[in-house]
Amino acid sequence: MVGAGGGTGASTLALALATAAGGRVVECASPTASGLVSAPTAELGRHDSGWLQGTRDTVLIERPAALLAALADLPAPTTPNDTPPLTVVDVAWEIGQVLAAPSWVADLLRHSPRVVVTATATIPGLRRLEAALAMLAHTHSVAAVLGPRRRKWARVVALSAGPLTAELIRGGRLVEVPTDARLSARGLDSHALPTSLLHAATDLLHLTHD
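Definitions and cut-offs
All residue numbers refer to position in the chain's written sequence, counted from 1. Reporting in this predicted model follows two pLDDT cut-offs: at least 70 for local features of residues, and 80 or more for side-chain atom pairs to be given and counted; totals over whole chains, interfaces and linings ignore these cut-offs and use all residues. Only hydrogens and water are set aside when side-chain values are computed; all heavy atoms of the structure are taken into account. The method works on a 1 Å grid over the protein atoms by themselves. A cavity is a set of points holding a 1.4 Å probe that cannot get out, a pocket is an open set with protein on both sides within 12 Å along at least five of seven lines, and residues with an atom within 4 Å of a point line them. Grid points are joined across faces, edges and corners, and a volume is the space filled by probe spheres set on the points. What counts as a helix is a DSSP run of H or I of at least four residues, what counts as a strand is a run of E of at least two, and both are numbered from the N terminus. Residues are sorted three ways: Asp, Glu, Lys and Arg are charged, Ala, Val, Leu, Ile, Met, Phe, Trp, Tyr, Cys and Pro are nonpolar, and all the rest, Gly among them, are polar. At least two bridges found by DSSP between two strands are what make those strands a pair. As a rule, the C-alpha atoms of each element are fitted with a line to give its axis, helices using only the stretch in contact, and angles between N-to-C directions run from 0 to 180 degrees. The set of buried Ala, Val, Leu, Ile, Met, Phe, Trp, Tyr and Cys residues whose side-chain atoms join them within 4.5 Å is what this entry labels a nonpolar core. Three exposure classes are used, based on accessible area relative to the maximum for each residue type with a 1.4 Å probe and protein chains only: buried under 20%, partly exposed in between, and exposed over 50%. By definition in these notes, contact holds between two residues if any of their heavy atoms fall within 4.5 Å. The length a helix should cover is 1.5 Å for every residue beyond the first. Relevant arc is that of directions from the helix axis to the C-beta atoms, nothing else.

Student: I'm lost on the layout of surface pockets in this one. Help?
Tutor: Taking a probe equal in size to a water molecule and rolling it over the atoms shows the remaining empty space. Roughly 690 Å³ of volume is contained in the largest pocket. For the lining of the largest pocket, the secondary structure elements donating two or more residues are α1 (10-21), α4 (123-135), β8 (140-146) and α7 (181-186). In terms of residue class, the lining of the largest pocket is made up of 19 nonpolar, 13 polar and five charged. Space inside the second largest pocket adds up to approximately 380 Å³. As for the second largest pocket, its lining consists of 18 residues, and the residues nearest its centre are Met1, Leu86, Thr87, Ser112 and Arg114. For the lining of the second largest pocket, the elements supplying multiple residues, two or more each, are β6 (87-90), α3 (104-111), β7 (114-120) and α8 (195-208). A per-class count over the lining of the second largest pocket returns 13 nonpolar, four polar and one charged.

Student: Just checking my understanding: could you explain the sheet that holds strand β2 (residues 24-27) for this structure?
Tutor: Strand-to-strand pairing in sheets goes through backbone hydrogen bonds, with the strands running parallel or antiparallel. Strand order in the open sheet made by the five strands is β3-β4-β5-β2-β6, with mixed pairing throughout. Whereas interior strands pair on both sides, the edge strands pair on one side only; in this sheet they are β3 (42-46) and β6. Pairs of neighbouring strands in the sheet enclose a mean axial angle of 20°, with direction left out of account. Note: β2 against β6, four bridges, orientation parallel. Bridged to Val26 within β6 is Val89.

Student: Can you help me understand the sheet that holds strand β1 (residues 2-3) in this one?
Tutor: Pairing is parallel across the open sheet formed by four strands, whose spatial order is β1-β7-β8-β9. At either margin of the open sheet sits one strand with a lone partner, and together these are β1 and β9 (174-177). For β1 and β7, the ladder comprises two bridges, and the chain directions are parallel. Directly across from Gly3, in β7, lies its bridge partner Thr118.

Student: Before we go on, may I ask you to explain the nonpolar core in this structure?
Tutor: Nonpolar side chains in soluble globular proteins generally cluster together in the buried interior. Judged by nonpolar contacts, the single largest core of 32 residues is most densely connected at Val2, Val98, Leu109, Val117 and Leu129. For this core, the secondary structure elements donating two or more residues are α2 (95-99), α3, β7, α4 and β8. Ranked by residues supplied to this core, first place goes to α4 with four residues. If near-sequence neighbours (up to four positions away) are discounted, Val98 is found in contact with Leu71, Val91, Trp93, Val105, Ala106 and Leu109. Membership of the second largest hydrophobic core comes to 29 residues, among which are Ala10, Ala14, Ala16 and Ala200.

Student: When you look at α8 in this model, what are you seeing that I'm missing?
Tutor: Residues that lie three or four places apart on an α-helix share one face, since the helix turns once every 3.6 residues. Compared with the 20 Å implied by 1.5 Å per residue over 14 residues, the 20 Å span of α8 between its first and last C-alpha is a close match. All of the buried residues in α8 are Leu197, Ala200, Ala201, Leu204, Leu205, Leu207 and Thr208. Along the axis of α8, the buried residues cluster in a sector spanning 160°; they form a single face. Turned more than 90 degrees away from the buried face of α8 sit Thr195, His199 and His206, all of them exposed.

Student: Explain unusual backbone geometry to me, please; I cannot follow it from the model alone.
Tutor: Most peptide bonds take the trans configuration, and most residues that are not glycine carry a negative phi. Of note in this structure, Asp57 is not a glycine but carries a positive phi near 55°. Residue Ala92 is not a glycine yet carries a positive backbone phi of 65°. The residue Ala92 is located in the loop between β6 and α2 in this model. Overall, Ala92 belongs to the partly exposed group, its relative accessible area being 36%.

Read these as layout, nothing more, since geometry by itself doesn't imply function.
Shown next as structure tokens:
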């Protein structure tokens with residue numbers, strides 16, 4: 001999971017995906033930039049590998065314990081005793097920056113058979129999505145666009161979709177992610193995720209496992 005820009009809901013959607021699958025979220029953000037800092041309902045403490053672990057119902061949430069100056073400082077993910085049905089990696093760094101330097105995150109983006117790219121339903125958002133898709137042209141990418149349903153996009157927004165984005169739309173590989181007023185105001189906390197968000201996550205799961 002990688003955002004085509006900031007504020008695209010990548011961390012929230014990563015948690016929703018893991019919730020829908022009963023899996024695990026590995027967030028790569030430095031602690032000061034974490035979107036999941038308030039998401040666990042129980043904290044398990046620091047793992048020997050350098051990850052902070054917490055749980056939320058059946059979901060294991062892992063976040064870096066130390067501040068990161070670069071992605072190269074990010075430790076390798078832990079190996080859980082019980083293999084989760086799905087591990088969602090929330091890249092949480094700018095995609096160009098990730099691909100410009102060696103790290104296990106960059107390797108994952110380059111070689112993963114499925115990458116979810118999040119964006120917003122705005123002109124800049126779709127242009128950033130197109131740029132991100134171009135950088136990931138070798139992968140089978142899926143887009144998750146935060147905002148109104150596509151049929152309600154303003155005409156100028158719809159026309160700003162580039163050819164790679166249009167190809168995803170034609171192939172049914174663009175999922176609409178509804179905005180939620182409470183999440184927009186409060187961020188992720190211990191409250192249950194909105195049903196509409198979990199429905200979008202389920203649609204994404206089907207696309208990433210076909």
